[in-house]
Amino acid sequence: MTKVRVGLIGYGFAGATFHAPLIRAVDGLALTRIASSNAAKVRQDFPHAAIDNSAQALINAADVDLVVIATPNASHHALARQALLAGKHVVLEKPFTVTVAEAQELVDLAQQTNRLLSVFHNRRWDNYFLTARRCIESGMLGDINTYQAHFDRYRPQRIKRWREDDLPGSGTLYDLGSHLIDQALVLFGTPQTIFADVCAQRTGEGGPDYFHLVLGYGHMRAILHSGSIVSDPGPRIQVHGSAGSYAKYGLDPQEDALRTGRIPGDSSWGRDLEAHDGRLTVERNGVLVTETLNTMPGDYLKFYEGMVDAIVQGKPVPVSAADGLNVIKVIDYAMRSSREQRVIAFE
């Protein structure tokens with residue numbers, strides 16, 4: 001089997017922790033080139049990959065079919081544009097772009113160049129989200145009225161890095177919010193209305209570190225929330241419907257496993273401890289009963305396996321560029337709603 005040759009631009013946290021290990025673990029992919037200023041670390045981790053000192057050199061390389069861009073958010077649009085014009089398929093680290101105009105241009109360019117374009121919204125394959133999705137789509141919770149998803153942290157002191165600076169595309173709404181927004185759009189589609197509160201709660205200069213979004217779907221509300229000074233977080237997710245509720249605490253274990261260097265894909269990959277299983281509350285014989293519900297295993301490999309299928313077999317990409325565009329639209333509306341302190345209709 002001929003493998004899809006991958007060039008990775010950026011070997012910081014996202015590139016080294018998520019993309020490179022997942023690419024290496026998928027049989028149909030070969031990581032041939034990495035563009036990074038940290039050549040020593042690249043050689044240590046991937047001694048057989050070529051190292052480029054510029055993104056443009058990697059994009060122009062003949063032995064690259066798929067360009068994966070894991071660089072700061074503000075650079076996504078320009079690099080993806082160059083790669084598409086060079087005839088490469090492209091995966092962008094989330095968020096897709098910084099502005100709606102940039103996102104729309106990339107969607108149009110991918111169509112014009114007949115190249116595949118996808119966004120790494122890996123948390124579609126988080127264990128808690130897969131389990132909640134099954135609860136919703138199976139109908140066991142009935143008609144959904146309230147969906148709440150939190151991504152809270154305890155980081156009371158700012159860290160001097162681009163993700164936390166007051167820059168275009170920085171702050172937690174772009175960083176963590178893009179995950180929560182994408183998950184909500186997968187479950188419920190684009191909302192009718194958006195109301196948001198976005199601000200900075202920590203002292204010192206920096207971008208937003210708190211957000212509270214309410215997406216309106218008729219009578220249903222999807223509430224997406226993140227705080228950076230939360231020492232005792234509540235449930236990660238809560239779903240309430242006419243026939244029952246599902247709630248779960250804790251993060252999917254895959255990120256921590258990748259941080260420690262575990263190889264994705266073994267038999268226990270993505271599995272949570274039984275003690276971390278969520279709670280299902282449903283009515284049985286007229287009485288509300290609460291029981292534990294086994295958590296489905298998370299599986300970030302599904303993203304890159306899907307990219308192989310898309311490139312080799314012509315199947316749809318695992319996350320469409322249109323989905324990435326809609327996430328940026330919601331972020332744009334949310335920032336506008338927060339500035340104007342009013343409900344915005346999604347167009």
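Please refer to the structure higher up on the page.
Residues numbered from 1 in each chain as written. Predicted model: local features only at pLDDT ≥ 70, side-chain atom pairs only at ≥ 80, totals over all residues. Heavy atoms only, no water.

Comments concerning the sheet that holds strand S1 (residues 4-9)
In step 1: Spatial ordering of the open sheet is given by S3-S2-S1-S4-S5-S6, a layout of 6 strands whose pairing is parallel. With one partner strand each, in any of the chains shown, strand S3 (50-52) and strand S6 (117-120) form the two edges of the open sheet. Across the sheet, the axes of successive neighbouring strands diverge by a mean angle of 25°, strand direction being ignored.
In step 2: Relative to strand S5 (residues 89-93), strand S4 (residues 66-69) runs parallel, the two sharing 4 bridges. Note on S5: the bridge partner recorded for Leu66 is His89. (Pairing = 2+ DSSP bridges. Helix = DSSP H or I, 4+ residues; strand = E, 2+ residues; numbered from the N terminus. Axes fitted to C-alpha atoms, helices over the stretch in contact; angles between N-to-C directions.)

A look at the packing of helix H4 (residues 76-85) against helix H5 (residues 100-113)
In step 1: Interhelical geometry of H4 versus H5 gives an angle of 10° and a closest axis separation of 10 Å. Taken together, the axis directions place H4 and H5 in an arrangement best described as roughly parallel. In this structure, H4 contributes His77, Ala80, Arg81, Leu84 and Leu85 to the contact, and H5 contributes Glu102, Glu105, Leu106, Leu109, Ala110 and Thr113.
In step 2: Its residues placed into classes, the contact of H4 with H5 shows 6 nonpolar, 2 polar and 3 charged. (Parallel < 35°, antiparallel > 145°, perpendicular 65-115°, else oblique. Contact = heavy atoms within 4.5 Å. Nonpolar A, V, L, I, M, F, W, Y, C, P; charged D, E, K, R; others polar.)

Quick look at the pattern of salt bridges
In step 1: If you walk through the whole model with that rule in mind, you get 23 salt bridges.
In step 2: Where Asp209 meets Arg158, a salt bridge forms, and the shortest distance between an N and an O atom there is 3.2 Å. Taken together, the residues Asp209 in the loop between strand S8 (193-199) and strand S9 (210-217) and Arg158 in the loop between strand S7 (144-150) and helix H7 (172-175) connect sequence positions 51 residues apart. Note on accessibility: Asp209 and Arg158 belong to one class, buried.
In step 3: Between Lys248 and Asp272 there is a salt bridge whose closest N-O contact spans 3.0 Å. Here Lys248 is found in strand S12 (residues 244-248), whereas its partner Asp272 is found in the loop between helix H9 (254-259) and strand S13 (278-284), with 24 residues between them in sequence. Residue Lys248 shares its accessibility class with Asp272, and that shared class is buried. (Salt bridge = Lys/Arg side-chain N within 4 Å of Asp/Glu carboxyl O. Buried < 20%, exposed > 50% of the residue type's maximum accessible area, 1.4 Å probe, protein only.)

Comments concerning helix H11 (residues 321-340)
In step 1: The first and last C-alpha atoms of H11 sit 29 Å apart over 20 residues, in line with the 28 Å expected at 1.5 Å per residue.
In step 2: Taken as a whole, H11 has its buried residues at Ala321, Gly324, Leu325, Asn326, Val327, Ile328, Val330, Ile331, Tyr333, Ala334, Ser337 and Ser338.
In step 3: Gln341 occupies a position one or two residues after H11 and carries a positive phi of about 50°. (Expected span 1.5 Å × (residues − 1).)

Thoughts on the pairing of S7
In step 1: Sheet analysis places S7 next to strand S11 (residues 237-241), joined by 5 bridges and oriented antiparallel. Counterpart to Tyr147 in the pairing with S11 is Val239.

Quick word on helix H6 (residues 127-138)
In step 1: Between the first and last C-alpha of H6 there are 16 Å, a value that for 12 residues agrees with the 16 Å anticipated at 1.5 Å per step.
In step 2: Within H6 the residues assigned to the buried category are Asn127, Tyr128, Phe129, Leu130, Thr131, Ala132, Cys135 and Ile136.
In step 3: Next to the buried residues of H6 lie S7, helix H8 (177-188), S11, S12 and strand S14 (287-293).
In step 4: Positioned one or two residues after H6, Gly139 has a phi angle of 85°, which is positive.

Structural notes on unusual backbone geometry
In step 1: Each neighbour pair has its own omega, and for Lys94 with Pro95 the value is -5°, a cis peptide bond.
In step 2: Note on placement: Pro95 falls in the loop between S5 and H5.
In step 3: Its identity as a non-glycine residue notwithstanding, Asn114 has a phi of 60°, on the positive side.
In step 4: Considering the arrangement of structural elements, one finds Asn114 in the loop between H5 and S6.

Let's talk about the pairing of S5
In step 1: Taken across its 5 residues, S5 has 5 buried, putting it largely inside the fold.
In step 2: The side-chain alternation of S5 yields two buried faces, one formed by His89, Val91 and Glu93 and the other by Val90 and Leu92.
In step 3: Viewed along the sheet, the connection from S4 through H4 into S5 turns out right-handed.
In step 4: Direction of pairing for S5 relative to S6: parallel, over a ladder of 4 bridges. Looking at the pairing, Val91 lines up with Ser118 of S6.
In step 5: Of the crossover connections in this fold, the one passing from S5 over H5 to the parallel S6 is right-handed. (Right-handed = clockwise from strand over helix to strand, strands pointing away.)

Concerning the sheet that holds S11
In step 1: Reading across from one edge, S14-S13-S12-S11-S7-S10-S9-S8-S15 is the order of the 9 strands in this open sheet, with mixed pairing throughout. Of all the strands in the sheet, the pair left with one neighbour each is S14 and strand S15 (344-345).
In step 2: Note: S8 against S9, 7 bridges, orientation antiparallel. What sits directly across from Thr193, in S9, is Gly216.

Focus on the nonpolar core
In step 1: Membership of the largest hydrophobic core comes to 103 residues, with the highest contact counts inside it found for Phe96, Leu117, Tyr147, Leu213, Leu224 and Tyr304.
In step 2: For this core, the leading source of residues is H11, giving 8 residues.
In step 3: Not counting the four nearest positions on each side in its chain, Phe96 is found in contact with His76, Ala103, Leu106, Val107, Leu117, Val119, Ala321, Gly324, Leu325 and Ile328. (Core = buried A, V, L, I, M, F, W, Y, C linked by side-chain atoms within 4.5 Å.)

With respect to the packing of aromatic side chains
In step 1: In total, this model carries 11 aromatic pairs according to the counting rule given.
In step 2: Measuring from ring centre to ring centre gives 6.4 Å for Tyr11 and Phe46, while their planes differ by 85°; the resulting arrangement is edge-to-face. Taken as a pair, Tyr11 in the loop between S1 and helix H1 (13-25) and Phe46 in the loop between helix H2 (39-45) and S3 lie far apart in primary sequence, 35 residues in all.
In step 3: Overall, the relative accessible area of 9% leaves Phe46 in the buried class.
In step 4: Site record: aromatic cluster; members linked through ring pairs are Phe13, Phe18, Phe120, Trp125, Tyr300, Phe303 and Tyr304.
In step 5: Lying across the ring of Phe151, Arg236 places its NZ or CZ 3.9 Å from the centre. (Phe/Tyr/Trp six-rings, centres within 6.5 Å; stacked < 30°, edge-to-face > 60°. Lys NZ or Arg CZ within 6 Å of the ring centre and 35° of its normal.)

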